[in-house]
Amino acid sequence: MNKNYKNNLKTRNIKVEKKKIDFKEYKVKENKELLLYLNENLGFSRNNAKSLLSNHLVAIDGAPVSQFNFMLSSGDSLIISKRPIKRKKRDNLPIIYEDDELIVINKPAGLLSIATDKEKSSTAYRMVMEYVQEKDRKNRIFVVHRLDKETSGVLMFVKNEKIKTLLQDSWNEIVSKRGYYAVCEGIFNKKEDRIINYIKKNAVDLMVLTSKANKKAYKCITNYKVIDENKKYSLLDINLETGRKNQIRVTMGSLGHYVLGDDKYGEPENPINRLCLHAYELSFIHPISKKKLDFKAEMPKEFSQLIKK
């Protein structure tokens, strides 16, 4: 087990891949129909704007959109591509729950939640957006939270802007549980603990421990409990009181018990070729109905099999 957390971070090999950019990206600044936005805000003639849409050269946060009257929302990422953006056939979308306001999926490991600078198309957002638009081209979804690319589990999108705003404005107050399973290196001396620390983003986009006094510090509260173990690994039930980027991975690494497969922060074993982190439960109070909603995704079988070996 590698306990030298600080040196581990210093020696991370950050690979920067150069990728040819064949699109332009614009941040939407106001709610407006797509055709009007292309014409009035971006300066395209109506004919050129219609041509862009008809030739499938426009996407919202990586999801292709062609209807003229699609309603944009302030904060959307509007992408104009040099090449047609084709819809992808979606089989076996792992839907946990769906109603008129929400859609919840069990996100596979290795799939981005939303688009990034490097990847625009292979995302959970695009998968779900295309799914809801198959029912009605006017449908759309909004992001309220996200999971790391390497993390699997419960991921929720909402279907209207009002719910999105209400959830985002009071997320930490209305969420009662963010539960994760993790398989970590080694045996924990303390089988249960509540850890409070502070993290910040460094120059290479890694989250690192810092002091409370740091102006860029984010407070993190992580609760863990060892629920099973063998001679090499520990299976943890983790509950977050705060939701920070890479919070679990940084916290476990700082204890010298890296999450298996986490080559971003440490050099632990990778016995099942994936990060051993899974969001198994999300519970919150609906901001309008005040009804408690609880969504769960079963632990991947590989996690328990690792402990049984």
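Just above, that's the structure.
Residues numbered from 1 in each chain as written. Predicted model: local features only at pLDDT ≥ 70, side-chain atom pairs only at ≥ 80, totals over all residues. Heavy atoms only, no water.

Draft legend 1. Fine view of the overall build of the protein. Scanning the protein from terminus to terminus reveals eight helices and 17 strands. Expected size for 309 residues packed as a compact globule is a radius of gyration near 19 Å; at 21 Å, the protein falls within 12% of this value. Along the first, second and third principal axes, the C-alpha set of the protein runs to 65 × 45 × 40 Å. Counting the 309 residues in the protein, one finds 48% classified as buried. Considering only contacts within the protein whose residues lie at least 6 apart along the sequence, 65% involve residues at least 24 apart. A total accessible area of about 16,500 Å² is found for the protein, and carbon and sulfur atoms account for 47% of it. Where the 60 positive side-chain charges of the protein centre and where its 39 negative ones centre are 4 Å apart. (Helix = DSSP H or I, 4+ residues; strand = E, 2+ residues; numbered from the N terminus. Rg over C-alpha atoms; globule rule 2.2 N^0.38 Å. Buried < 20%, exposed > 50% of the residue type's maximum accessible area, 1.4 Å probe, protein only. Contact = heavy atoms within 4.5 Å. Areas by Shrake-Rupley, 256 points an atom, 1.4 Å probe, with all protein chains shown as cover. Lys, Arg positive; Asp, Glu negative; His and termini not counted. Charge placed at Lys NZ, Arg CZ, Asp CG, Glu CD.)

Draft legend 2. Here's a closer look at the state of the cysteines. This model, assessed by the stated rule, comprises zero disulfides. Looking at C184, it has no disulfide partner, and the nearest cysteine sulfur is the one in C276, 8.7 Å off. Look at C184 and you get buried, because its relative accessible area is 0%. (Disulfide = S-S within 2.5 Å.)

Draft legend 3. Expanded view of the pattern of salt bridges. By the definition in use, this model includes 17 salt bridges. Between R126 and E130 there is a salt bridge, and its shortest N-O distance comes to 3.0 Å. Here R126 and its partner E130 are both found in helix α4 (residues 124-135), four residues apart, which amounts to about one turn of the helix. Judged by its relative accessible area of 3%, R126 falls in the buried class. Sharing partners across several salt bridges, the network here consists of D148, E150, R249 and D262. (Salt bridge = Lys/Arg side-chain N within 4 Å of Asp/Glu carboxyl O.)

Draft legend 4. Examining the sheet that holds strand β3 (residues 58-60) more closely. Spatial ordering of the open sheet is given by β1-β6-β3-β4, a layout of four strands whose pairing is antiparallel. Every other strand in the sheet has two partners, leaving β1 (23-27) and β4 (63-64) as the edge strands with one partner each. Two strands pair when backbone bridges link them, and β1 and strand β6 (residues 77-81) are joined in this way by five bridges, in the antiparallel orientation. In the strand pairing of β6, Y26 is matched with L78. (Pairing = 2+ DSSP bridges.)

Draft legend 5. Quick look at unusual backbone geometry. We note that D205 has phi near 65°; this positive angle belongs to a residue other than glycine. Residue placement: D205 occurs in the loop between β12 (192-201) and β13 (207-210). Even without being a glycine, N273 presents a positive backbone phi close to 55°. Within the secondary structure, N273 is located in the loop between α7 (247-254) and β16 (277-285).

Draft legend 6. Representation of the side chain of D262 in the model. With respect to the helices, strands and loops of the structure, D262 is situated in the loop between α7 and β16. Reaching out from D262, the side chain makes a polar contact with the backbone nitrogen of Y265 at a distance of 3.5 Å. Setting aside its immediate chain neighbours within four residues, D262 contacts R249, E267, P268 and L275. (Polar contact = N/O pair within 3.5 Å; in protein donor to acceptor, adjacent residues only side chain to side chain.)

Draft legend 7. The nonpolar core, seen in detail. Formed by 60 residues in total, the largest nonpolar core has its most connected members in L34, L78, Y125, F157 and V183. When residues no more than four places from it in sequence are discounted, the contact partners of L78 are K24, E25, Y26, V28, L34, Y37, L38, L42, V58, A59, I60 and L72. Judged by nonpolar contacts, the second largest core, of 17 residues, contains L102, M156, V175 and F295. (Core = buried A, V, L, I, M, F, W, Y, C linked by side-chain atoms within 4.5 Å.)

Draft legend 8. Representation of α7 in the model. Buried residues dominate α7, accounting for seven of its eight residues. Phi turns positive, to about 85°, at G256, one or two residues after α7.

Draft legend 9. Summary view of the pairing of strand β7 (residues 95-98). Across three bridges, β7 lies against strand β8 (residues 102-107) in antiparallel orientation. Considered in β8, the bridge of Y97 is made with V104. The loop that links β7 with its antiparallel partner β8 comprises three residues.

Draft legend 10. Here's a closer look at helix α5 (residues 161-169). Turning to α5, its buried residues are I163, K164 and L167. All buried residues of α5 lie within an arc of 100° about the axis, which places them on one face of the element. Across from the buried face of α5, at angles greater than 90 degrees, the exposed residues are K162 and D169. Where the residues of α5 are buried, they touch β8, β9 (142-143), β10 (152-158), α6 (171-174) and β16. Between a side-chain oxygen at the N-terminus of α5 and the backbone nitrogen of K162 the separation is 3.2 Å; the capping residue is N160. (Arc of directions from axis to C-beta.)

Nothing here speaks to function; it is all geometry.
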